[in-house]
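Survey of secondary and tertiary structure
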Amino acid sequence: MSGARFEGKVAVVTGAGGGLGRGSALRLSQEGARVVVVDIDEVAARRTAAELPGKAVAVAADVADEEATARWDAAAVDAFGRVDLYHLNAGIFGTFAPLPELSAAEFDRVQAVNVRGQFLGLRAAFRRFAAQGGGGAIVLTASIASLTGSADLLAYQTSKHATLGLLRGAALYGGPIGVRVNAVAPGIVPTDLFAAAAGAVGGKNDMERRASTTPLRRAGTPADIAAVTAFLLSEDAAYITGQVVSADGGASVVNTVRPSGGAGAWPTHELDEALYGTAVPAGADGGTV
């Protein structure tokens, strides 16, 4: 990677111990940024920071905690004097438990990290820009789950819909004071986020197969998402704010009831049995729904 779009800039990336966050930190560092690597896993954060080609510091922090957020903000300023760019990426997927079995505690845990964590990051960013007397750019990690629905991953899906509320409110607030806020919405990108559910239907085990149904016929990579993030943070996107950019291989535009979208290409009773444990009633025409 050549070029120095971010020379002299300081970037904070949350959830950068691995996956999409690590990819983003690497891309920003390659383009000249000094990077603050934030992750709840201190070992992973330090590993990422050590791998970056430019200057970097690692901070262990729970993004859902106010004091921890203040700590990574202070660490960034202590190390580099200011912050210009933020990729608020940290998130968890929660559980594949079906709706009747989803506990309130698990639902709340996902909202705490994915929604409260992004809120605290946004607030910290706006406070930092105000203290510095100037604006910057922020990217939130949304998801294809921000734009579409599914019968599983309800807590995650809810949190990613909420991300768009945060995005639009922050963009409207930030515009007049020179702060741009956008979001990248990844589709299927196999990372360790889903490793704990590798054996589950819809988990990491079948990601490549599911991704083969997208128009681009492949899964994405952290580098694919990092490229979009870097663009949105750069001056190349100087007139873009409040936008959600899908990086999903075209998955979100597929019309699934057309043959080219896969209609009839799977036995739906098998999908229903996997989700509900039994076949659901047949459709009105007597066939499978």
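Above this text you will find the structure in question.
Just so it is clear, the model here is predicted, and its values are computed rather than measured. Residue indices follow the written sequence of each chain, beginning from 1 at its first position. Reporting of local features is limited, given that this is a predicted model, to residues whose pLDDT is at least 70; pairs of side-chain atoms are given and counted only at 80 or more, and all residues count toward the totals for whole chains, interfaces and linings. With hydrogens and water stripped out, all remaining heavy atoms of the structure feed into the side-chain values.

With respect to the pairing of strand β3 (residues 56-60)
Pairing between two strands is assigned when DSSP locates at least 2 bridges connecting them. Each helix is a run of DSSP H or I of at least 4 residues and each strand a run of E of at least 2, with the numbering of both proceeding from the N terminus. Pairing between strand β2 (residues 34-39) and β3: five bridges, direction parallel. What sits directly across from Val35, in β3, is Ala56.

Overview of unusual backbone geometry
Non-glycine residue Leu153 carries a positive phi angle of around 55°. Mapped onto the secondary structure, Leu153 falls in the loop between β5 (137-141) and α5 (154-174). Phi at Arg217 is positive, roughly 60°, even though this residue is not glycine. Along the chain, the position of Arg217 falls in the loop between α6 (207-211) and α7 (222-233). For Arg217, a relative accessible area of 52% corresponds to the exposed category. Type-normalised accessible area, obtained with a 1.4 Å probe on protein chains alone, sets the label of each residue: buried when under 20%, exposed when over 50%, and partly exposed for intermediate values.

Observations regarding helix α1 (residues 19-30)
A helix is expected to span 1.5 Å multiplied by its residue count minus one. In this model α1 runs 17 Å from its N-terminal to its C-terminal C-alpha over twelve residues, within 8% of the 16 Å that 1.5 Å per residue would give. By the burial criterion, the buried members of α1 are Leu20, Gly21, Gly23, Ser24, Ala25, Arg27, Leu28 and Ser29. Positive backbone phi, at 105°, marks Gly32, one or two positions downstream of α1.

Here's the deal with helix α2 (residues 42-51)
Among the residues of α2, Ala44, Ala45, Thr48 and Ala49 are the ones counted as buried. Viewed end-on, α2 has its buried residues packed into an arc of 135°, placing them on one side of the element. Along α2, the residues that are exposed and aim more than 90 degrees away from the buried face are Val43 and Ala50. Polar contact is the term for a pair of N or O atoms within 3.5 Å; when the atoms are in protein, one must be able to donate a hydrogen and the other to accept it, and sequence-neighboring residues count only if both atoms are side-chain atoms. Residue Asp41 occupies the N-cap position of α2, its side-chain oxygen lying 3.1 Å from the main-chain nitrogen of Val43. As used here, the arc belongs to the directions running from the helix axis to the C-beta atoms.

A closer look at the packing of helix α4 (residues 104-132) against α5
When two helices pack together, their arrangement is given by the angle between their axes and by how far apart the axes lie. Lines fitted to C-alpha atoms define the axes, with helix axes restricted to the stretch in contact, and inter-axis angles between N-to-C directions lie between 0 and 180 degrees. Put simply, α4 and α5 touch, their axes get as near as 9 Å, and they point 15° apart. When the axes of α4 and α5 are compared, the pair comes out roughly parallel. Crossing angle aside, the handedness with which α4 passes α5 is right-handed. Each of Phe107, Val110, Gln111, Asn114, Val115, Gln118, Phe119, Leu122 and Phe126 in α4 lies in contact with α5, whose residues at this interface are Ala155, Tyr156, Thr158, Ser159, Lys160, Ala162, Thr163, Leu166, Ala170, Tyr173 and Gly174. Basically, the charged four are Asp, Glu, Lys and Arg, the nonpolar ten are Ala, Val, Leu, Ile, Met, Phe, Trp, Tyr, Cys and Pro, and anything else, Gly included, counts as polar. The class makeup of the residues in the contact of α4 with α5 is twelve nonpolar, seven polar and one charged. Angle categories: roughly parallel below 35 degrees, roughly antiparallel above 145, roughly perpendicular from 65 to 115, and oblique for all the rest. The hand of a helix crossing depends on one turn: near helix anticlockwise from the far one by less than a right angle means left-handed, and clockwise means right-handed. Any two residues whose heavy atoms approach within 4.5 Å at even a single point are treated as in contact.

Quick word on the nonpolar core
Throughout this description, the term nonpolar core refers to a set of buried Ala, Val, Leu, Ile, Met, Phe, Trp, Tyr and Cys residues connected via side-chain atoms within 4.5 Å. Counting 31 residues, the largest nonpolar core has Tyr86, Leu122, Ile138 and Val181 as the members making the most contacts within it. When residues of this core are traced back to their parent elements, those giving at least two are β1 (10-14), β2, α3 (66-80), β4 (85-88), α4, β5, α5 and β6 (180-186). Leu28, Leu52, Val228 and Ala230 belong to the second-largest nonpolar core, a separate cluster that totals 24 residues.

Examining the sheet that holds β6
Read across the open sheet, the seven strands follow the order β3-β2-β1-β4-β5-β6-β7; overall the sheet is parallel. In the strand order of this sheet, the two ends are held by β3 and β7 (244-247), each with one partner. Neighbour to neighbour, the strand axes of the sheet diverge by 15° on average, direction disregarded. Bridge count for β1 against β4 is three bridges, and the pairing is parallel. Counted as the bridge partner of Val13 is His87 from β4. Taken strand by strand, α3 contacts β1, β2, β3 and β4, and its axis lies near 160° from that of β3. This element, α4, spans β4, β5 and β6 of the sheet and lies at about 175° to β5.

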